Amino acid sequence: MTVVTLGVHIVDVLARPVESIPAGQDTHLLEQIRVTAAGAAAATAVDLAALGVPVASVGAIGDDELGDLLLMMMGRRGVEVGGIVRRPGEQTAASILPIRPDGGRPSFHVPGANLGLSTADVSRETVLGARVVHLGGMDVTWGLYDPAFYALLDEARAAGTIVTMDLLSNMPDLMQGVRAFLPHVDYLLPNEEQALLMSGAAGVEEAARSLLALLPEGPSAVLVTLGADGSLIADAEGLTRVPALDVPVVDTTGCGDAYCAGFVTGLVDGRDVAGAARLGTALAARVAGGLGSDAGLEGARELRDEK
């Protein structure tokens, strides 16, 4: 496969617009409810497939109905799911997301089988055979905090594989722990809060520079997503701002995953870092215009020629 996404797989149930939780047994009528494949590995894989990139996903889910549904949704989108292991007796990770009228997304979440993903679940051949390995949500895949997994990433990078990493949570303790992956990663793509927590910096520019210094030598960069303010790139050439596109926002779920998918696709296509970031920005804008992490993907392949 051209790209392997490795990490967090979640089933999202989304509803909009939700202004409050009904009291007692009351019912509120809504405009829309959807179920999607989500998580920093699964959603990114779906977006990559929509862009026309051959992609396989690696992770852990439960041996339950939610897991059946997740595999079906990803397979329909064109993702190779043979590397997703199933855990008997465990639940597939899932979230309920009541989307506010302004696109905000509070979450009710069960981590499920993601927490137990380990090096033993990861095919060495799959990782070494990829042009890009995208690590999605290493902050909550605690079984991969493993020297053997770091060594596998280093072996892949030595053979020419590019390793990118996105995160899932905004929990301070987890943000410090995930720094252990940085010596084994070429491109880091946190959001602003994650970058500040990981670095301990007071501002986003200082955070980006600080995190860049922790990455290995080579074609490395830190790309901090800033929501409506676009993104900030820190690399050997300095700091570069990439503006967001001005689009009506329905739901911000999955925008970071879409940005990552567009960025990785840009790297696959031979774009420079800023060009790859612009492709990520364009795909994220499409996803923001609908409900769920797979919204707006129709015609996504055309973006590879437009941007």
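To keep things clear, this report deals only with the structure shown in the data block.

What counts as what
- Residues numbered from 1 in each chain as written.
- Predicted model: local features only at pLDDT ≥ 70, side-chain atom pairs only at ≥ 80, totals over all residues.
- Heavy atoms only, no water.
- Salt bridge = Lys/Arg side-chain N within 4 Å of Asp/Glu carboxyl O.
- Helix = DSSP H or I, 4+ residues; strand = E, 2+ residues; numbered from the N terminus.
- Buried < 20%, exposed > 50% of the residue type's maximum accessible area, 1.4 Å probe, protein only.
- Pairing = 2+ DSSP bridges.
- Axes fitted to C-alpha atoms, helices over the stretch in contact; angles between N-to-C directions.
- Contact = heavy atoms within 4.5 Å.
- Right-handed = clockwise from strand over helix to strand, strands pointing away.

1. Focus on the pattern of salt bridges
Part 1 of the reasoning: In the structure shown here, the tally under the stated rule is nine salt bridges.
Part 2 of the reasoning: A salt bridge links Asp269 to Arg304; the shortest N-O distance between them is 2.5 Å. With Asp269 in the loop between α8 (255-268) and α9 (273-288) and Arg304 in helix α10 (residues 303-306), this residue pair connects regions lying 35 residues apart in the sequence.
Part 3 of the reasoning: When its relative accessible area of 35% is taken as the criterion, Asp269 is described as partly exposed.
Part 4 of the reasoning: Exposure remark for Arg304: the relative accessible area of 22% places this residue in the partly exposed category.
Part 5 of the reasoning: Ionic contacts of the salt-bridge type, sharing partners, join the residues Arg34, Arg77 and Asp294 into one network.

2. Details of the sheet that holds strand β8 (residues 132-136)
Two strands in a sheet stick together by hydrogen bonds in their backbones, pointing the same way (parallel) or opposite ways (antiparallel).
Part 1 of the reasoning: Read from one edge to the other, the open sheet built from nine strands follows the order β5-β4-β1-β8-β9-β10-β11-β12-β13, with strand pairing classed as mixed. Strand pairing shows two members of the sheet lacking a second neighbour, β5 (80-87) and β13 (238-242), which therefore form its edges. Ignoring which end each strand starts from, the neighbouring axes of this sheet average 15 degrees apart.
Part 2 of the reasoning: As defined by bridge partners, strand β9 (residues 162-166) adjoins strand β10 (residues 187-189) across three bridges and the pair is classed as parallel. When the sheet's bridge partners are listed, Thr164 is paired in β10 with Tyr187.
Part 3 of the reasoning: Across the sheet, helix α1 (residues 42-50) touches β1 (3-7), β4 (55-62) and β8, and the angle it forms with β4 is around 150 degrees.

3. Re unusual backbone geometry
Part 1 of the reasoning: For the bond running from Arg16 to Pro17, omega is -10 degrees, close enough to zero to count as cis.
Part 2 of the reasoning: Along the chain, the position of Pro17 falls in the loop between β2 (10-16) and β3 (32-38).

4. Some remarks on the pairing of β9
Part 1 of the reasoning: Of all five residues that make up β9, four are buried, and the element is covered over most of its length.
Part 2 of the reasoning: With five bridges joining them, β8 and β9 adopt parallel strand pairing. By the bridge assignment for β9, Val132 is matched with Ile162.
Part 3 of the reasoning: Running through helix α4 (residues 147-158), the crossover from β8 to the neighbouring parallel element β9 is right-handed.
Part 4 of the reasoning: Handedness of the crossover is the feature at issue here: the chain leaves β9, passes through helix α5 (residues 172-177), returns alongside β10, and the resulting connection is right-handed.

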